[in-house]
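Here's the letter readout for the chains.
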Amino acid sequence: MDAPLNVDPVATHDDNEIVHWLTNGTRDERFIDNIFAELCIRLQQAGIPVKRASLHLLIHHPQWLGARIMWADGMREAEIARVDYDVRERSEYIGSPANEIHDGATEVRENLERDASLGRKHAVYDEMRAKGLTDYVAWPVYHTLGKRHLVTFATDRPGGFDDAHIAGLLKLLPTLALVSEIRMKNRLARTLLETYVGSHAGELILAGATRRGSGTTVRAAIMICDLRDFTKISDNWPRDDVIDLLNGYFDAMSEPIARHGGEILKFIGDGLLAIFPLSEPKACANLLHAVSEARQAMTALNESNSETGRAPLNYGIGVHVGDVMYGNIGSRARLDFTVIGPAVNMASRLETLTKQLGRPVLLSRAFADSVESDFNLERVGEYPVRGFNDPIEIFAYND
């Protein structure tokens, strides 16, 4: 029979206090990195000589596979690093403790005091030895439905962690799993909303704006962009090429919009709808700065595409300013958080006119009046617009 663990009853009492704190004292803390940093400090105060710790979470973000939360002795806040999707092909992952845990190991323990030639071979162990650490342990953190994440602890105590230290750390894992999963779910909900409806709409939905018909009137600059000849492209090009082409186009358009304070409300096939709320005094100017940068990005994209034999992408942008109804519209069970109203229709009609007039960016008179002195605008003339009684005075933006 194995000898019983050498468990210090005082340490056990402190462990209970930490479990109680994790369960009841973190309710008002939104972020798991703050909780993890305080956990490590409390472990030290309880006599568990943690010198370095990390929490690795699979977050399923559109751009990142996961996040690594790192804490070291003396830090009041943990550091967060994003982990790319291709990390599993890189040397920093292959053969690492994370690799072992994700492959099914239930514990990775490494004595860092012994001869390095006798232990596991990976750069992370060499790095820890160089920092004077003596012992390292990694365990899976189990979330519901079989999701496995990872937590690690290391110490510089001569002889490493003793049995009581390991027992105390293990005792915390189920509670840490629950606390981290709650924050993960909250973050995932926020990420999904930001990904699919935008950050501002996501905040409103999380705040409870989920009832059909709920919404508000917002005065905003509206931008609608659409690709030209996309039907021909999608009919004649391989599927993967079409998707890659669309992603490149949306990157070129979207990143400047976000950078200048706009919000993309939806992608519609090969088009997008974005608004710049006039609560920001320079919203209209910001929209045109975004358009300028997007056009530069599209020029670079077309040059890159031409090197692989792809035809250049052409597009049209319609811009207007006015009041829009911003809120929930749809069926009883399936809603869309979007904007509607005559101002949106006008931006759409102007985008359509870019084909007829051969101008890639057309602005309404109402929008031009707010920026004309600061930008190179050209009056194109007055044109009838479907759905509106009077001809509309239109300007082209020649950045």
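Above: the structure in question.
A quick note: this is a predicted structure, and the numbers were derived from the prediction, not measured.

(A) Focus on the side chain of His 143. Tracing the backbone through its elements, the reader meets His 143 in the loop between strand 5 (135-142) and strand 6 (148-155). At 3.4 Å, the side chain of His 143 and the backbone oxygen of Ala 177 are in polar contact. With residues up to four places along the chain from it excluded, the contact list for His 143 reads His 149, Ala 177, Ser 180, Glu 181 and Met 184.

(B) Molecular detail of helix 4 (residues 123-130). Those residues of helix 4 that fall on the buried side of the exposure criterion are Val 124, Tyr 125, Met 128 and Arg 129. Relative to the axis of helix 4, the buried residues are bounded by an arc of 140 degrees and lie together on one face. Residues of helix 4 that are exposed and angled more than 90 degrees away from the buried face: Ala 123 and Ala 130. Downstream of helix 4 by a residue or two, Gly 132 has a phi angle that is positive, lying close to 85 degrees.

(C) Expanded view of the sheet that holds strand 4 (residues 108-111). Spatial ordering of the open sheet is given by 3-2-1-6-5-4, a layout of 6 strands whose pairing is antiparallel. Two strands lie at the open edges of the sheet, namely strand 3 (79-84) and strand 4, each paired on one side alone. Ignoring which end each strand starts from, the neighbouring axes of this sheet average 15 degrees apart. Set on the sheet, helix 2 (residues 32-45) makes contact with strand 1 (52-58), strand 2 (64-72), strand 3 and strand 6; between it and strand 2 the angle comes to about 30 degrees. Contacting strand 1, strand 4, strand 5 and strand 6, helix 4 runs over the sheet at an angle of about 45 degrees to strand 4.

Procedures and definitions
Residues numbered from 1 in each chain as written. Predicted model: local features only at pLDDT ≥ 70, side-chain atom pairs only at ≥ 80, totals over all residues. Heavy atoms only, no water. Helix = DSSP H or I, 4+ residues; strand = E, 2+ residues; numbered from the N terminus. Polar contact = N/O pair within 3.5 Å; in protein donor to acceptor, adjacent residues only side chain to side chain. Contact = heavy atoms within 4.5 Å. Buried < 20%, exposed > 50% of the residue type's maximum accessible area, 1.4 Å probe, protein only. Arc of directions from axis to C-beta. Pairing = 2+ DSSP bridges. Axes fitted to C-alpha atoms, helices over the stretch in contact; angles between N-to-C directions.

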